[in-house]
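Descriptive analysis of the structure
Below, each chain spelled out in residue letters.
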Amino acid sequence: KGVLTGLAILAGVVGLVQEAAAQGKGLDEPFRGPYRKSLEGKVVAYVPVAMSFDLAQGWLEGLKKRLEPLGVKIEVRDPNWSTTAGAQAMTTLIGEKPDVIIAHNPDVQTYARLLQKAESEGIDVVQINMGSSYRTSAFVGADWIEIGQRDTQAVVDACKGKSNKIAIMQGQLSAAASAYTLKGAEDVLAKHPEVKVVSSQAADWDAAKAKGIAQTVLKQHPDLCGIVGFWDGMDIGTAAAIKEAGLTGKVFLATSGGGEQKGACDKVKDGSFDLDLSYDVPTQASDMAAIIEWMLSGHFKAGTIKA
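Now for a look at the structure at hand. (Residues numbered from 1 in each chain as written. Predicted model: local features only at pLDDT ≥ 70, side-chain atom pairs only at ≥ 80, totals over all residues. Heavy atoms only, no water.)

Some points on the pairing of strand E10 (residues 275–278)
Note the threshold: By this definition, two strands are paired if DSSP reports at least two bridges between them. Helix and strand definitions follow DSSP, with helices as H or I runs of at least four residues and strands as E runs of at least two, each counted in order from the N terminus. We call a crossover right-handed when, viewed with the strands running away from us, the connection from the first strand over the helix to the second turns clockwise.
Here strand E9 (residues 252–257) runs beside E10; their pairing, made up of four bridges, is parallel. When the sheet's bridge partners are listed, Ser-256 is paired in E10 with Leu-277. Crossover E9 to E10 through helix H10 (residues 261–269) is right-handed.

What follows is the structure in structure tokens.
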């Protein structure tokens, strides 16, 4: 019955096209109106870990560019690196009932129950880059384990014939981006028992803290041959410590980030970063916007899809 109904609709559309063509007139596209109506006036609430850095700013600009012309309102709630403020913002939003919440989780646990509650209240939830232990309707983000594997393999390869001493500069220990990247690093190191990790510390995404840790490690191990960093925004500090020690080009620094010109590409060009894997913020923003359009125009019940 469904197939026959679909064929009947298709036949009707074809008939309208043929009639319009015969009369030399334009034809109103039949699916555009319902699509635009499904987005007009919808509210998307965006909760990054903070708005003070390139990833969060890039995602917001990409979302605005794509969704605002369609009549979607984007609201930002900035916790400014405070996990408590972020949880409070999420709780308030659940009460306000926007159509979609975009969550950039500070760790894998804090927002988990809140995201589940949001979906139970009929709010679609998209998680960006750092997911929680609860999988919502959609996740857009990097494959952190692969990033950890590729960065660590590059450091291992660069250390061949040298001391085989490396350091790992983690982010925030319970954040998905840090915990999963570490697993990728461990996968590679398990295959290379000759490589010794002399330091594996958390700099909490802070460039100043990363610099201090790197300075100490380089003083203790002047023959260090490589560092696996977990975010280029933080590893600007790691690179500064290497440069101050006169070891740029001698200590191989691998990291990752969203592809910012000043904080990433230029650092590769001047030799501060030997490898910077980009997960491309503009593309991520476009992916988020597309999946939001799909969810809203498809009228899915919140929490019933896992994309």
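The discussion continues.
What to know about the packing of helix H6 (residues 144–158) against helix H7 (residues 176–189)
Note the cut-off: Think of each axis as a best-fit line through the C-alpha atoms, taken over the contacting stretch in the case of a helix, with angles from 0 to 180 degrees between the N-to-C directions. Orientation labels follow simple angle bins: below 35 degrees gives roughly parallel, above 145 gives roughly antiparallel, 65 to 115 gives roughly perpendicular, and whatever is left gives oblique. Each crossing is labelled by how the near helix is turned from the far one, with a counterclockwise turn of less than a right angle marking it left-handed and a clockwise turn marking it right-handed. The contact criterion used is simple: two residues touch if any of their non-hydrogen atoms lie within 4.5 Å. Here the nonpolar group is Ala, Val, Leu, Ile, Met, Phe, Trp, Tyr, Cys and Pro; Asp, Glu, Lys and Arg are the charged ones; every other residue, Gly included, is treated as polar.
With their axes 7 Å apart at the nearest point, H6 and H7 run at an angle of 45° to one another. When the axis of H6 is compared with that of H7, the two are oblique. H7 is crossed by H6, and the crossing has right-handed handedness. Touching Trp-144, Ile-145, Gly-148, Gln-149, Thr-152, Gln-153 and Val-156 of H6 are Ala-176, Ala-177, Tyr-180, Thr-181, Lys-183, Gly-184, Ala-185, Asp-187, Val-188 and Leu-189, all from H7. A per-class count over the contact of H6 with H7 returns nine nonpolar, six polar and two charged.

Focus on the state of the cysteines
Basically, it comes down to this: Put simply, a disulfide is two cysteine sulfurs that come within 2.5 Å. Any residue under 20% of the maximum accessible area for its type is buried, any over 50% is exposed, and the rest in between are partly exposed; the area is computed with a 1.4 Å probe on protein chains only.
Counted under the stated rule, the structure contains one disulfide. Disulfide partner of Cys-159: Cys-225, at an S-S distance of 2.1 Å. Residues Cys-159 and Cys-225 share a disulfide whose torsion about the S-S bond is about 110°; that sign makes it right-handed. Note that Cys-159 is positioned in the loop between H6 and strand E6 (165–170) and Cys-225 in the loop between helix H8 (207–220) and strand E8 (226–229), a separation of 66 residues in sequence. Across this residue pair, the class does not change: Cys-159 and Cys-225 are buried.

Section: the pairing of E9
Across the six residues that make up E9, a large majority, six, are buried. Burial along E9 is two-sided: the face carrying Phe-252, Ala-254 and Ser-256 and the face carrying Leu-253, Thr-255 and Gly-257 are both buried. Where E8 meets E9, three bridges bridge the pair, whose relative direction is parallel. Within E9, the residue paired with Gly-226 across the bridge is Phe-252. Handedness of the crossover joining E8 and E9 through helix H9 (residues 232–244): right-handed.

Structural notes on the sheet that holds strand E5 (residues 138–140)
Strands sit in the order E2-E1-E3-E4-E5 across an open sheet of five strands; the sheet is parallel. Each end of this open sheet is capped by a strand with a single partner; those strands are strand E2 (73–76) and E5. Direction aside, neighbouring strands of the sheet carry axes that sit 20° apart on average. In this structure, strand E4 (residues 124–128) lies alongside E5, joined through three bridges in parallel fashion. In the strand pairing of E5, Ile-128 is matched with Val-140. Along the sheet, helix H3 (residues 54–67) contacts strand E1 (43–47), E2, strand E3 (100–103) and E4; its crossing angle with E2, the most-contacted strand, is approximately 160°. Those strands touched by helix H5 (residues 112–120) are E3 and E4, and its axis lies near 150° from that of E4.

Remarks on the packing of aromatic side chains
We count it as follows: When the centres of two rings from Phe, Tyr and Trp lie within 6.5 Å, Trp using its six-membered ring, the rings pair. Their planes under 30 degrees apart give stacked, over 60 give edge-to-face, and anything left gives tilted.
Within the structure shown, the criterion is met by five aromatic pairs. Measuring from ring centre to ring centre gives 5.1 Å for Trp-144 and Tyr-279, while their planes differ by 75°; the resulting arrangement is edge-to-face. Here Trp-144, found in helix H6, pairs with Tyr-279, found in the loop between E10 and helix H11 (281–298); they are 135 residues apart in sequence, far enough to count as distant. For the ring pair Trp-205 and Trp-231, a centre distance of 6.2 Å and an interplane angle of 80° mean the geometry is edge-to-face. In this pair, Trp-205 sits in the loop between strand E7 (196–202) and H8 while Trp-231 sits in the loop between E8 and H9, placing the two residues 26 residues apart along the sequence. For Trp-231, a relative accessible area of 9% translates into the label buried. Feature note: the residues Phe-53, Trp-81, Trp-205 and Trp-231 constitute an aromatic cluster, connected by ring pairs.

Topic: the nonpolar core
Just so we agree on the cut-off: To define a nonpolar core, start from buried Ala, Val, Leu, Ile, Met, Phe, Trp, Tyr and Cys residues and group those joined through side-chain atoms within 4.5 Å.
Residues Ile-102, Val-126 and Ile-292 are the most contacted members of the largest nonpolar core, which totals 76 residues. For this core, the element with the most residues is H11, which contributes eight residues. When near neighbours in sequence (up to four residues on either side) are disregarded, Ile-292 contacts Val-44, Leu-63, Leu-67, Val-100, Ile-102 and Val-126. Membership of the second largest hydrophobic core comes to 16 residues, among which are Ala-87, Leu-115, Ala-118 and Val-125.

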